[in-house]
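Commentary on secondary and tertiary structure
Residue-level listing of the chains:
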Amino acid sequence: MNKQMYLDLNVSNKVYEMGETILNELKPRFEEIDKIAEYNQNKVLLAMQKNRVDVSCFQTTTGYGYDDIGRDKLEKVYSDVFHTESALVRPQITCGTHALTVALSANLLPGDELLSPVGAPYDTLEEVIGIRESTCSLKEYGVTYSQVDLLQDGTFDYDGIKKAINAKTKMVTIQRSKGYSTRPTFSVKQIGELIAFVKSIKPELIVMVDNCYGEFVETIEPSDVGADLTVGSLIKNPGGGLAPIGGYICGKDELVKRCAYRLSAPGLGQEVGATLGVMQKFYQGFFMAPTVTAGALKGAIFAANYYQKLGFKAIPNATESRHDIIQAVELNSEKAMCAFCKGIQSAAPVDSYVTPIPGYMPGYEHNVIMAAGAFVQGSSIELSADGPIRPPYAVYFQGGLTFYHAKLGILRSVQELLNEHLIDI
Ligand SMILES: *Cc1c(COP(=O)(O)O)cnc(C)c1O
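What you see is a predicted model; the values in this text were computed from it and never measured.

The grouping of Tyr 64, Tyr 66 and Leu 268 at the surface amounts to a nonpolar patch, some 360 Å² of accessible area in total. Inspection of the secondary structure assignment puts Leu 268 in the loop between helix H9 (253–263) and helix H10 (279–309).

Here it is in structure tokens:
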């Protein structure tokens, strides 16, 4: 029954059968993921019940948005799930980069230094910080930056980090996910160890964690292990695919307050910000997020196992434990990246008939190829694949609001590589 359906969707029997064999072996791992999803689902439910979420939360505000009950309560729900004093969860935060920019620029003043102890940050942050010259960068405002790369084996360079922390160091930024690099993603536990280390050297340091793609993958979040600010995008995991825009910043009250003043205006802060009718989607998306994340995670593991069997390098590899939903596959050529993305695109519910090609993207240094047929534009909790066109020609695959969609995307990508004679099955 499914075999014929896959044929209709342009997946050959060969590609499908190999997928079924792989999935059979993955059953115990998928059960583990379901248990984490169950825990996180209950964590979200508990927070919603405790805060007495009701239909009044879904009403809309316009203009200044004073006294928006739904907005204020949602921020309490986020604080409870992340176990923080405070949270800023807003549709006025455009994306992850914006949320991180707000958190950084609100808490760094001229003369302060920002330290990344985990190597280069996500591409778009290079211009935010001023690693690449950019108008309105932190550098322009007199904030300096220092970076300590990871050691060869992907672990923290504790000696280097100790040396890098100086009198000016005010904030430390830790990116949980690998982003567009092929380093490992850190577990929450590892992040906790790093936070404890930097604070043992200078206790007053503010530690921010870029939590993009990591939410609900484990049962704890960086805020549970000492992060002062935990930041992410609502068109990734915590939006559950339903949030049409938005970002969040969870953390210490005094720091989050500063973020609110930076986002709106000094004196206004968290009191303003109309929600324009998106609250019901923010709540429902957050409610869906644990199971959506679990589906995406299964998709990532399926992709790693399939592509590794085909002889490609998968990061994380087929058996490694997971701390985010991103799967990188080194495809070794631009042609293979294009075939892979063509396959993902063709599996989409929206825009399935278009063929992605590499092109310029604001914020990125190299040409980027992106496959996404999403209900929310640019949403990467929905099935998507992208990557900068540069060696090792790694494609970063993530998302899938349902596992079955992720599965189809992977099967279609394999089929495209096969059609182009880039692999043998
Ligand atoms: C996606 C992402 C960002 C930026 O988020 P946008 O919503 O694309 O602006 C930052 N850091 C990491 C690790 C990401 O994955």
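To continue, consider the site of the ligand. The full set of residues close to the ligand is Cys 95, Gly 96, Thr 97, Leu 100, Tyr 122, Gln 175, Asp 210, Cys 212, Tyr 213, Ser 233 and Lys 236. Here an oxygen atom of the ligand and a backbone polar atom of Gly 96 are 2.8 Å apart. Lys 236 places a polar side-chain atom, nitrogen or oxygen, 3.0 Å from an oxygen atom of the ligand. Relative to its unbound accessible area of 370 Å², the ligand is 91% covered by the protein chains. For the ligand, the cavity whose grid points lie within 2 Å of the majority of its atoms is the largest pocket. Per-element accounting of the shell around the ligand gives the leading share, three residues, to helix H5 (residues 96–107).

Spanning 17 residues, helix H12 (residues 403–419) covers 24 Å between terminal C-alpha atoms, matching the ideal 24 Å at 1.5 Å per step. Residue His 421 follows H12 closely and has a positive phi angle near 60 degrees.

Another aspect to go through is the domain arrangement of the protein. Annotation of the protein at the domain level lists domain 1 (2–42 + 290–419) and domain 2 (59–277). Here the C-alpha centre of domain 2 lies 27 Å away from the C-alpha centre of domain 1. Taken together, the contact between domain 1 and domain 2 spans 36 residues of the former and 30 residues of the latter. The junction of domain 1 with domain 2 conceals about 2700 Å² of combined surface from both sides, 60% of it contributed by carbon and sulfur atoms.

With that settled, the discussion passes to the packing of helix H2 (residues 13–25) against H10. Relative orientation of the contacting elements H2 and H10 amounts to 120 degrees, with a least axis distance of 10 Å. On the basis of their axis angle, the class for H2 and H10 is oblique. As for how H2 packs across H10, the hand of that crossing is right-handed. In this structure, H2 uses Lys 14, Val 15, Met 18, Gly 19, Ile 22, Leu 23 and Glu 25 to contact H10, whose residues at the interface are Phe 302, Asn 305, Tyr 306 and Lys 309. Within the contact of H2 with H10, the residues separate by chemical class into six nonpolar, two polar and three charged.

Empty space within the largest pocket amounts to approximately 680 Å³. Taken together, 35 residues line the largest pocket, and the ones lying closest to its centre are Tyr 122, Lys 236, Tyr 364, Gly 378 and Ser 380. Shared between two domains, the lining of the largest pocket takes at least three residues from each, and those domains are domain 1 (2–42 + 290–419) and domain 2 (59–277). Size it by volume and the second largest pocket reaches roughly 310 Å³. Surrounding the second largest pocket, 16 residues form its lining, Ser 105, Ala 106, Leu 108, Leu 138 and Arg 262 being those nearest its centre. Where the lining of the second largest pocket is concerned, the elements lending two or more residues are H5 and H9. Considering only residue class, the lining of the second largest pocket consists of 11 nonpolar, three polar and two charged.

The next thing to look at is the sheet that holds strand S10 (residues 368–372). Strand pairing in a sheet relies on backbone hydrogen bonds. The paired strands run either parallel or antiparallel. What the five strands build is an open sheet, ordered S8-S9-S12-S11-S10; its pairing is antiparallel. Where the open sheet ends on each side, the last strands, each with one partner, are strand S8 (313–315) and S10. Averaged over all neighbouring strand pairs, the angle between strand axes comes to 20 degrees, with direction disregarded. Here helix H11 (residues 334–346) sits on the sheet in contact with S10, strand S11 (384–388) and strand S12 (394–398), set at roughly 20 degrees to S10.

This part is about the pattern of salt bridges. For the coordinates displayed, the defined rule picks out 23 salt bridges. Across the pair Lys 3 and Glu 17 runs a salt bridge, and its minimum N-O distance is 2.8 Å. Placement of the pair is Lys 3 in helix H1 (residues 2–8) and Glu 17 in helix H2, with a sequence separation of 14 residues. Between Glu 75 and Arg 90 there is a salt bridge whose closest N-O contact spans 2.7 Å. With Glu 75 in helix H4 (residues 69–82) and Arg 90 in strand S1 (residues 86–90), the pair connects residues that are 15 residues apart, well separated along the chain. Summarising the burial analysis for this pair, Glu 75 and Arg 90 share the class buried.

With that out of the way, let us pick up the nonpolar core. Judged by nonpolar contacts, the single largest core of 60 residues is most densely connected at Phe 302, Tyr 306, Tyr 307, Leu 310, Leu 331, Phe 340 and Leu 411. Listing elements by their share of this core, those giving two or more residues are H2, helix H3 (27–50), H10, strand S9 (327–330), H11, S10, S12 and H12. Top element by residues in this core is H10. It accounts for nine residues. Shared between two domains, this core takes at least three residues from each, and those domains are domain 1 (2–42 + 290–419) and domain 2 (59–277). What Tyr 306 contacts, discounting residues up to four positions off in sequence, is Lys 14, Val 15, Met 18, Gly 19, Ile 22, Ile 410, Leu 411, Val 414 and Ile 425. Counting residues in hydrophobic clusters, the runner-up holds 25 residues, among them Met 171, Met 208, Val 256 and Cys 259.

Two quantities define a packed helix pair, namely the angle between the axes and the distance from one axis to the other. Direction vectors running N to C along H5 and H9 enclose 110 degrees, while the axes themselves pass 8 Å from each other. Comparing the axis directions of H5 and H9 gives the class roughly perpendicular. From H5, His 98, Val 102, Ala 103, Ser 105, Ala 106 and Asn 107 reach across to H9, where they touch Leu 255, Arg 258, Cys 259, Arg 262 and Leu 263. Tallied by class, residues from the contact of H5 with H9 come to six nonpolar, three polar and two charged.

Note that an α-helix has 3.6 residues per turn; residues three or four places apart therefore point the same way. If you check which residues of H9 are buried, you get Leu 255, Val 256, Cys 259 and Ala 260. All buried residues of H9 project into a common sector of 145 degrees when viewed along the axis, lining one side. Those residues of H9 that are buried are in contact with S1, H5, strand S5 (206–210), strand S6 (229–233) and strand S7 (247–251).

Reading the values: the criteria
Residues numbered from 1 in each chain as written. Predicted model: local features only at pLDDT ≥ 70, side-chain atom pairs only at ≥ 80, totals over all residues. Heavy atoms only, no water. Patch = residues over 30% accessible without salt bridge, like charges linked within 9 Å, V, L, I, M, F, W, Y side chains within 5 Å. Areas by Shrake-Rupley, 256 points an atom, 1.4 Å probe, with all protein chains shown as cover. Salt bridge = Lys/Arg side-chain N within 4 Å of Asp/Glu carboxyl O. Helix = DSSP H or I, 4+ residues; strand = E, 2+ residues; numbered from the N terminus. Near = heavy atom within 4 Å. Polar contact = N/O pair within 3.5 Å; in protein donor to acceptor, adjacent residues only side chain to side chain. 1 Å grid on protein atoms, 1.4 Å probe; cavity = no way out; pocket = protein on both sides within 12 Å on 5 of 7 lines; lining within 4 Å. Sits in = over half its atoms within 2 Å of the grid points. Expected span 1.5 Å × (residues − 1). Domains from an automatic or database assignment. Contact = heavy atoms within 4.5 Å. Buried area = accessible area lost by both parts, 1.4 Å probe. Axes fitted to C-alpha atoms, helices over the stretch in contact; angles between N-to-C directions. Parallel < 35°, antiparallel > 145°, perpendicular 65-115°, else oblique. Left-handed = near helix turned anticlockwise from the far one by under 90°. Nonpolar A, V, L, I, M, F, W, Y, C, P; charged D, E, K, R; others polar. Points joined across faces, edges and corners; volume = space filled by probe spheres on them. Pairing = 2+ DSSP bridges. Buried < 20%, exposed > 50% of the residue type's maximum accessible area, 1.4 Å probe, protein only. Core = buried A, V, L, I, M, F, W, Y, C linked by side-chain atoms within 4.5 Å. Arc of directions from axis to C-beta.

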